[in-house]
Amino acid sequence: MAEVLVLVDQVDGEVKKVTTELLTLARRIGEPAAVWIGEGADDAKAKLAEFGAEKVYVAPAELNDYVVAPKAELLAKLAGEKSAAAILVSATAENKEVAGRTAVKLGSGVLTDVVDVTADLVAEHSIFGGTTITHAKVRAGVPVIAVRPNSIPAEPAQGAAVEEQVSVELSDAAKAAKVVERVKQEKGARPELTEAAIVVSGGRGVGSDDFSVVENLADSLGAAVGASRAAVDSGWYPNQFQVGQTGKTVSPQLYIALGISGAIQHRAGMQTSKTIVAVNKDPEAPIHEISDFSVIGDLHQVAPQLTEEINKRK
Amino acid sequence: MGVQGGRPPAMNIVVLVKQVPDTATERKLNPADNTLDRASSDGVINELDEYAIEEALLLKEKHGGEVTILSAGPDQATDSIRKALSMGADKAIHLNDEALHGSDSLQTAYALAQALRTTEFDVVVLGSESTDARTGVVGAALAEYLGLPQLTLANKVDIDGGTIRIQRQTDDGYDVVEAQLPAVVSVVEKINEPRYPSFKLIMAAKKKPVTKLDAAGAEIDPAKVGLANATTETVDFAAAPPRAAGTVVKDEGTGGVQIADFLASKKFV
């Protein structure tokens, strides 16, 4: 069986959930081969094996010193050497860029924000804010596919995870944009927005930069916190938490919208959520139409009551 | 660029602009060839491109130079080009050729790279993604085709002599990235606040030069663009199944408890 390369996402050496989803998908297509960049592969190997990685290619940490291009050079090289059937990456902003450059190098095609892939490499997309489903495929070369986190459930299946050190002689062009500093801001204990199984978002109805009503509910559920554009534009919550057309696209099991009207631009970022719950005092707000359960009421009354109730039932 | 000391020479900045269907209108695909049905909805300038134009104008105000708009698209794209010029850009290049119809994101990046070779530039600025296709790959692919530094997802840009430094937005903060000009820069939404065109600028924009460029003029290989040569193919499409109507209740003092009951029924709590 041909190998399917899976670029591993990790945070401080911990394999992210989306990688286990990609390995699960890769097993439909061929033999999963995880691509790990940097230190810590020994510790992460067990997790990669648990979801079916037969191989683990370990590349030097130097690749992370420059923006995107070195990863593309590595993946293109491995795809050639290993005659890979496909390359799967997570559909994060950075990895979509990696996918694009890799496909240019391979003379193949790239499919981004994919929500499902069949064994014969037909990819499903949800476009125009979740109103249209398309199926697409790459016509030439090794398909490079960026899959949205939370699209399919990860299922364990033991793999051998045989480690192999790999290297790539980086071109000068790949070293042209150098990362000189990494700045981490307020991470906290909450899950990452696009990965989270549950997202609680606040909008205009929150009314101020005191987002504690949203954060407390999120924390009771172990959820990530999101914000609508109105809340971000008002300066109530940082930009990187914006959900919607010009922000992040999320697809959690449960999305709770607090004080968000549900304009098309917001729906574009959350409409593929499995279950949607909303609280909005405006009975005409479009968010009620796409919710599985919604309450017409003041979020400052409803959300604290919900938080208390959840904590009580734990 | 790259001159040591003194005021750096004026910069040539090119901004990439894409006309997209208005998100507020109904967007459709054309069943004949599964490409975007541009007739079905109003065309507007891609929202993030306005931030790219603003950043280019800010760079020009600081360093001097000229801002050129480059747009690939059919005749209707003229609307977005005029909008860009009315924000204050100096001139435009309109890459317009039937051969480009149906090009995918990588082919578009290739065509734009070829068009960029017809002009001199120090910086190319673009929005980090378009609101229609949302692939987010064009900036990276453009850097790959041109062999230039990729300074994408910028929420801050500084240029000092021949050195450019950006803050690249990440999930948990930002990376500071440095390169030598020329470079490809893509911007995210919160980098600035795009200006509104003044009446004076709108009138002036009508007189600004727009150079027409076709595929041959940009030395674009016809075998590398267009629907027939696309690297990807949309096999089929259909309307997403509508979400089943949910329960809507009015809060009578127990709204929170009712949601908790619903979440419990779905095993979330």
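Remember, it's a predicted structure, so these values are computed and weren't measured experimentally. (Residues numbered from 1 in each chain as written. Chains lettered and ligands numbered in written order. Predicted model: local features only at pLDDT ≥ 70, side-chain atom pairs only at ≥ 80, totals over all residues. Heavy atoms only, no water.)

### Observations regarding the overall build of chain B
- When helices and strands are counted, chain B shows 6 helices and 15 strands.
- Dimensions of chain B, computed from C-alpha atoms along their principal axes, come out at roughly 70 × 45 × 40 Å.
- With 269 residues in all, chain B has 53% of them scored as buried.
- In chain B, 72% of the contacts between residues at least 6 apart in sequence involve partners at least 24 apart. (Helix = DSSP H or I, 4+ residues; strand = E, 2+ residues; numbered from the N terminus. Buried < 20%, exposed > 50% of the residue type's maximum accessible area, 1.4 Å probe, protein only. Contact = heavy atoms within 4.5 Å.)

### Some remarks on the packing of helix α3 (residues 105-116) of chain B against helix α4 (residues 138-146) of chain B
Residues and elements named next belong to chain B.
- In the contact formed by α3 and α4, the axes pass within 9 Å of each other and the chain directions differ by 50 degrees. If you check the angle between α3 and α4, you find them oblique. Seen along the crossing, α3 lies across α4 with a hand that is right-handed. In this structure, α3 contributes Ser105, Leu106, Ala109, Tyr110, Leu112, Ala113 and Leu116 to the contact, and α4 contributes Val138, Ala141, Leu142, Tyr145 and Leu146. (Axes fitted to C-alpha atoms, helices over the stretch in contact; angles between N-to-C directions. Parallel < 35°, antiparallel > 145°, perpendicular 65-115°, else oblique. Left-handed = near helix turned anticlockwise from the far one by under 90°.)

### Some words on the interface of chain B and chain A
- If you look at the interface, chain B gives 78 residues, while chain A gives 88 residues.
- Between chain B and chain A, the buried area comes to about 6900 Å², and carbon and sulfur atoms account for 55% of it.
- When residues of chain B are sorted by the area they lose upon contact with chain A, B:Arg134, B:Glu144 and B:Arg243 head the list and together hold 11% of the total.
- Along the contact surface separating chain B from chain A lie 45 residue pairs in polar contact (both at pLDDT 80 or more).
- Broken down by element, the side of chain B that touches chain A gets its largest block of residues, 10 residues, from helix α6 (residues 255-265) of chain B.
- Looking at the side of chain B that touches chain A residue by residue, the classes come out as 35 nonpolar, 22 polar and 21 charged.
- Strand direction decides the pairing type here: strand β17 (residues 293-296) of chain A and strand β15 (residues 247-250) of chain B, joined by 4 bridges, are parallel. Bridge pairing links A:Ile296 to B:Lys250 in β15(B). (Buried area = accessible area lost by both parts, 1.4 Å probe. Polar contact = N/O pair within 3.5 Å; in protein donor to acceptor, adjacent residues only side chain to side chain. Nonpolar A, V, L, I, M, F, W, Y, C, P; charged D, E, K, R; others polar. Pairing = 2+ DSSP bridges.)

### Describing the confidence of the model for chain B
Residue and element names in this part refer to chain B.
- Put simply, chain B has an average pLDDT of 92, and 97% of its residues get 70 or more.
- Across residues 1-7 the pLDDT falls below 50, and counting only partners more than four positions away or on other chains, this stretch makes 11 contacts in the model.
- Across the predicted assembly, pTM comes out at 0.91 and ipTM at 0.91. (pLDDT = per-residue confidence, 0-100.)

### Re the environment of A:Ile296
- If you trace the backbone, A:Ile296 turns up in strand β17.
- For the pair formed by A:Ile296 and A:Leu48, sequence separation is 248 residues and the distance between their alpha carbons is 45 Å.
- Not counting chain neighbours up to four residues away, the residues in contact with A:Ile296 comprise A:Asn280, A:Lys281, A:Pro283, A:His288, B:Val248, B:Val249, B:Lys250 and B:Asp251.

### Notes on a nonpolar patch on the surface
Residues and elements named next belong to chain B.
- Taken together, the side chains of Phe199, Ile202 and Met203 make up a nonpolar region of the molecular surface, amounting to roughly 310 Å² of accessible area.
- Mapped onto the fold, Phe199 is located in helix α5 (residues 199-205).
- On the basis of relative accessible area, Phe199 is assigned to the exposed category, the value being 64%. (Patch = residues over 30% accessible without salt bridge, like charges linked within 9 Å, V, L, I, M, F, W, Y side chains within 5 Å. Areas by Shrake-Rupley, 256 points an atom, 1.4 Å probe, with all protein chains shown as cover. Salt bridge = Lys/Arg side-chain N within 4 Å of Asp/Glu carboxyl O.)

### Comments concerning helix α2 (residues 41-50) of chain A
Residues and elements named next belong to chain A.
- For α2, the full list of buried residues reads Ala41, Ala44, Leu48 and Ala49. Summarising the axial view, the buried residues of α2 lie within an arc of 145 degrees, below the 170-degree limit, and thus occupy one face. Facing away from the buried surface of α2 by more than 90 degrees, the exposed residues are Asp43 and Ala46.
- In this structure, the buried residues of α2 make contact with β3 (14-15), α1 (17-29), β4 (31-37) and β5 (55-59).
- Looking one or two residues past α2, Gly52 carries a phi angle of roughly 105 degrees, positive in sign. (Arc of directions from axis to C-beta.)

### Topic: the sheet that holds strand β13 (residues 198-202) of chain A
- With parallel pairing, the 6 strands of this open sheet are ordered in space as β14(A)-β13(A)-β15(A)-β16(A)-β17(A)-β15(B). The two strands at the open ends of the sheet, each matched to only one other strand, are β14 (224-227) of chain A together with β15 of chain B. Neighbour to neighbour, the strand axes of the sheet diverge by 15 degrees on average, direction disregarded.

### A closer look at the packing of helix α5 (residues 212-221) of chain A against helix α9 (residues 299-313) of chain A
All names here are of chain A.
- Remark: α5 packs on α9, axes separated minimally by 9 Å, with the N-to-C direction vectors making an angle of 25 degrees. When the interaxial angle is binned, α5 and α9 end up roughly parallel. Crossing hand, α5 versus α9: left-handed. Contacts from Val213, Asn216, Leu217, Ser220 and Leu221 of α5 reach α9 at Leu299, His300, Ala303, Pro304, Leu306, Thr307, Ile310 and Asn311.
- Among the residues making up the contact of α5 with α9, the classes are represented as 8 nonpolar, 5 polar and no charged.

### Observations regarding the UniProt feature "domain: Electron transfer flavoprotein alpha/beta-subunit N-terminal" (unreviewed entry) in chain B
- Here the UniProt feature "domain: Electron transfer flavoprotein alpha/beta-subunit N-terminal" (unreviewed entry) sits at residues 33-222 of chain B.
- Helix makes up 29% of residues 33-222 of chain B and strand 31%, with an end-to-end C-alpha separation of 19 Å. (UniProt positions renumbered as here; feature names shortened; annotations may be inferred.)

### So, the environment of B:Glu233
- Assignment of secondary structure puts B:Glu233 in strand β14 (residues 232-239).
- Note: C-alpha distance between B:Glu233 and B:Asp104 (129 residues apart in sequence) is 8.7 Å.

### Brief notes about the side chain of B:Ser80
Residue and element names in this part refer to chain B.
- Structurally, Ser80 is set in helix α2 (residues 78-87).
- A residue is classified by how much of its surface remains accessible, and Ser80, at 2% relative accessible area, is buried.
- At a separation of 2.6 Å, a polar atom in the side chain of Ser80 contacts the side chain of Gln19.
- In terms of polar contacts, Ser80 uses its side chain to reach the backbone amide nitrogen of Ile45, at 3.3 Å.
- In contact with Ser80, not counting residues within four places along its chain, are Val17, Gln19, Val44 and Ile45.

### Details of the pattern of salt bridges
Residue and element names in this part refer to chain A.
- Counting across every chain of the model gives 38 salt bridges over all chains.
- Asp113 is the salt-bridge partner of Arg148, the closest N and O atoms lying 3.5 Å from each other. One end of the pair, Arg148, is in the loop between β10 (144-147) and β11 (162-165); the other, Asp113, is in strand β7 (residues 110-117), and 35 residues separate them in sequence. Both residues of the pair, Arg148 and Asp113, count as buried.

### Topic: empty space enclosed by the protein
- Scanning all chains against the criterion turns up 1 cavity of 30 Å³ or more.
- Here the largest cavity is characterised by a volume of approximately 30 Å³.
- Taken together, A:Val67, A:Ala69, A:Arg101, A:Ala173, A:Ala174, A:Ala176, A:Ala177, B:Leu148, B:Pro149 and B:Gln150 make up the lining of the largest cavity.
- In terms of residue class, the lining of the largest cavity is made up of 8 nonpolar, 1 polar and 1 charged. (1 Å grid on protein atoms, 1.4 Å probe; cavity = no way out; pocket = protein on both sides within 12 Å on 5 of 7 lines; lining within 4 Å. Points joined across faces, edges and corners; volume = space filled by probe spheres on them.)

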